Amino acid sequence: MNDSAHYALIVLFSSALGLIAVLANRLTERVKVPVALLVLIGAAVTVRAVPAVQAPSEQTVERVLTVALVLVLFDGGMHIGQRRFRAAMGPILSVGVLGTALTVAGAALLLHYAFGINWYAAVLVATAVAPTDPAVVFAVLGKREIAGRSGAILEGESGANDPVGISLMASLITAGGLSAAGFAEVGTEFVLQMAIGGAVGVIGGRALLVFMRRVALPSEGLYPLRTLACSLLLYGLATLAHGSGFLAVFAAGIMLGDAHAPYKPEIKRFHAALAGLAEIFAFAVLGLTVDLRILTHPDVWIPGIVLGLALTVVIRPLAVGACLVPVELRRNERLFILAAGLKGAVPILLGEFLRAAHIADAERLYGIVVVVVAFSVLVQGSSVPGIARLLRLPMRTVETQPWEVSVRLQDEPQGVHRFHVAAASGAEGCTIEDLGEHVGDIWVSMVVRNAGLVPVRGDTALRAGDEVVVLADPELHEALADLFGAE
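Counting restarts for each chain, with residues numbered from 1 along the sequence as it is written. Owing to the predicted nature of the model, reporting of local features is limited to residues with pLDDT of at least 70; listing and counting of side-chain atom pairs is limited to 80 or more, with chain, interface and lining totals taken over all residues. Calculation of side-chain values draws on the structure's entire complement of heavy atoms; hydrogens and water are dropped beforehand.

Within an unreviewed UniProt entry, the label attached to the protein reads RCK C-terminal domain-containing protein, and the organism entered is Mycobacterium asiaticum. UniProt positions are given in the numbering used here, feature names are shortened, and annotations may be inferred rather than shown by experiment. The UniProt entry for the protein carries the following text under Subcellular location (unreviewed entry): "Cell membrane".

See below:
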């Protein structure tokens, strides 16, 4: 095959992946299996069946996945925002850091005593499979969105445990083994990466927000490109400063999440689409590295399935359950968090780090990680919708809204508040006229119900799920948030 044909094959493969990413949600609704897993399997079969398709180099895989993960984490941070993060900060940090450490310990014990894997390799594999990916959970739920704190905790947990797992894996590989001196080195390096990454993310996020608000650009389309460039810049700065670049972009995304800035809705939509595309490409690239022949070996698939099952029903419930003991949660939300710790692209990326470091028996260890992820996404992921229904988890259906009513203004509007009426909130059942009696002088300018506009009159009663635009003094925001039940 000549260079032109080879390049055309790459373009064909990439464009097909892009189309799959765009149609991912529709495909998931039909097949009830996360499309990411289908892409992973398809890529693994393709590289085996089509001689013209070659597995990428370890360096290429690492670089592509690094960029993809930066995009996913930045979008994840923006989706959470400061308000939701503050409301669930305790459980997020506890589950994301301590829960990850306990999961690593439990998985390493199982691998060592049940399958005779030496301690160092067992800890490396356990570290690889510890991070979670809520995007897989939300993919199988389709158009339904989790209400309450459980959704924020799951998203925040992944945003925290991805950088934790990556930093821990890098430190363990650098240490080269398990010893007292090695543990001290790993601990010091880990704390340093977390501290520097967090600081760069918070400071950089605040600086980016000022940049967005004060420096105008000549075209609307440039605003999302600016945040994209700045997120990659923050990753580079944190990494060069020996910090966690992944934690930096996640923290920066949180700082921007619910802050006001020009063209903010367009920026969030751009990054959400880019993150979805990055997730699919990450699984495709990882699939090209998978050797299906190795996965058929009993000493690979048996430990992988046993570990995946143990993580699902024993290790994660015990580790995360212990972290959530002091947290006030409804019983159904607590149980769903324990059951929804699905694995995604990050564990396979960490497995690739393990293989690139040329650890003894690396191919077998990498295969175990792949089997764990496949088990988690296929078996555990397909059961998530049923578990959510069984637990009667509070959920809301999110429909696409292709039509928009908006007004462009030169300056930032003051005192404009936008809320969703939460079930059992003070606003549910309340009339427009009565709202002012609760919080003071306000003006309701728009009510959207079931994707349509509702006439705003004094006797119009609000229902759960209504979207309401309120004009009021900015100081009334907290009182309004409490009234509408906003998180």
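Once you've had a look at it, read on.
**Q** Explain the overall build of the protein residue by residue, including any values.
**A** Counting its secondary structure elements, the protein contains 19 helices and six strands. Whether a residue is buried, partly exposed or exposed follows from its accessible area with a 1.4 Å probe, protein chains only, as a fraction of its type maximum: under 20%, in between, or over 50%, in that order. A total of 487 residues make up the protein; the buried ones form 50% of that total. By definition in these notes, contact holds between two residues if any of their heavy atoms fall within 4.5 Å. Of the contacts formed within the protein by residues at least 6 apart in sequence, a portion of 79% connects residues at least 24 apart. For the protein, the exposed surface amounts to about 23100 Å²; the carbon and sulfur share of it is 63%. Numbering goes from the N terminus for both helices and strands, where a helix is a DSSP run of H or I of at least four residues and a strand is a run of E of at least two. Using the Shrake-Rupley algorithm and a 1.4 Å probe, accessible areas are obtained, with residue cover drawn only from the displayed protein chains.

**Q** Break down the side chain of Asp162 for me, with residues and values.
**A** Note on placement: Asp162 falls in helix 8 (residues 149-175). Those residues in contact with Asp162 that sit more than four places away from it in its chain are Leu69, Leu73, Pro131, Thr132 and Val346.

**Q** Outline unusual backbone geometry, supporting the account with residue identities and numerical values.
**A** The general pattern is negative phi for most residues beyond glycine and trans for most peptide bonds. Phi is positive for His242, close to 65°, though the residue is something other than glycine. Assignment of secondary structure puts His242 in the loop between helix 10 (222-240) and helix 11 (245-256). Its identity as a non-glycine residue notwithstanding, Tyr263 has a phi of 60°, on the positive side. Along the chain, Tyr263 falls in the loop between helix 11 and helix 12 (264-288). Overall, Tyr263 belongs to the partly exposed group, its relative accessible area being 27%.

**Q** Explain the pairing of strand 3 (residues 416-420) to me, and be specific about the residues and the numbers.
**A** Looking along a regular strand, one sees the side chains alternate between the two faces of the sheet. Along strand 3, the buried face is formed by His417 and Phe419; none of Val416, Arg418 and His420, which line the opposite face, is buried. In terms of strand pairing, strand 3 meets strand 6 (residues 467-472) through five bridges, oriented antiparallel. Note that in strand 6 the partner of Phe419 across the bridge is Val468. Two strands qualify as a pair provided that DSSP identifies no fewer than 2 bridges between them.

**Q** Provide a residue-level description of the packing of aromatic side chains, including the pertinent values.
**A** Side-chain rings of Phe, Tyr and Trp (the six-membered ring for Trp) are treated as a pair once their centres are within 6.5 Å; stacked means planes under 30 degrees apart, edge-to-face means over 60, and tilted covers the remaining angles. The full count for this structure, using the stated rule, is four aromatic pairs. Residues Tyr113 and Trp119 carry aromatic rings whose centres are separated by 5.6 Å and whose planes lie at 85° to one another, so their mutual orientation is edge-to-face. Classification of Trp119 as partly exposed rests on a relative accessible area of 34%. An angle of 5° between the planes, with centres 5.1 Å apart, marks the rings of Phe419 and Phe484 as stacked.

**Q** Lay out the side chain of Asn332 in plain terms, naming residues and giving numbers.
**A** Tracing the backbone shows Asn332 in helix 15 (residues 331-339). Relative accessible area serves as the criterion here: at 16%, Asn332 is assigned to the buried category. Within the structure, Asn332 has its side chain in polar contact with the backbone oxygen of Arg392 (distance 3.3 Å). Any N or O atom pair separated by 3.5 Å or less is treated as a polar contact, with the protein-specific requirement of one donor-capable and one acceptor-capable atom, and with residues adjacent in sequence counted only for side-chain atom pairs.

**Q** So what's going on with a nonpolar patch on the surface? Which residues, and what values?
**A** Patch building starts from residues that exceed 30% relative accessible area and form no salt bridge, then joins like charges within 9 Å and nonpolar side chains (Val, Leu, Ile, Met, Phe, Trp, Tyr) within 5 Å. For this document, the term salt bridge refers to a Lys or Arg side-chain nitrogen within 4 Å of an Asp or Glu carboxyl oxygen. Taken together, the side chains of Leu109, Tyr113, Trp119, Leu178 and Phe183 make up a nonpolar region of the molecular surface, amounting to roughly 540 Å² of accessible area. Summarising the element assignment, Leu178 is placed in the loop between helix 8 and helix 9 (180-214). A relative accessible area of 32% means that Leu178 is categorised as partly exposed.

**Q** So what's going on with the pairing of strand 4 (residues 442-449)? Residues and values would help.
**A** Relative to strand 6, strand 4 is paired through six bridges, and the arrangement is antiparallel. Of the residues in strand 6, the one forming a bridge with Ile442 is Ala472. Between strand 4 and the antiparallel strand that follows it, strand 5 (residues 452-454), lie two residues; Asn450 among them carries a positive phi value of about 50°.

**Q** Can you tell me about the sheet that holds strand 4, naming the residues and giving the values?
**A** Strand order across the open sheet formed by four strands is 3-6-4-5, with antiparallel pairing between neighbours. Bordering the open sheet on either side are strand 3 and strand 5, each of which pairs with just one other strand. Going across the sheet, the axis of each strand differs from the next one's by a mean of 25°, ignoring polarity. Helix-sheet contacts for helix 19 (residues 477-484) involve strand 3, strand 4 and strand 6, and the interaxial angle to strand 3 is about 15°. Under this scheme, a helix contributes an axis fitted over its contacting stretch, all axes are lines through C-alpha atoms, and angles between N-to-C directions fall in the 0 to 180 degree range.

**Q** Give me the lowdown on the nonpolar core, citing residues and values where you can.
**A** The definition of a nonpolar core used throughout is a set of buried Ala, Val, Leu, Ile, Met, Phe, Trp, Tyr and Cys residues joined through side-chain atoms within 4.5 Å. The biggest cluster of nonpolar side chains holds 110 residues, and the ones touching the most others in it are Val125, Leu286, Leu307, Leu324 and Phe336. Looking at this core, the element that brings in the most residues is helix 17 (residues 362-390), giving 12 residues. Setting aside anything within four residues of it in sequence, one finds Val125 in contact with Leu111, Leu307, Leu354, Leu365, Ile368 and Val369. Formed by 20 residues, the second largest nonpolar core is a distinct cluster that contains Cys430, Val447, Val454 and Leu462.

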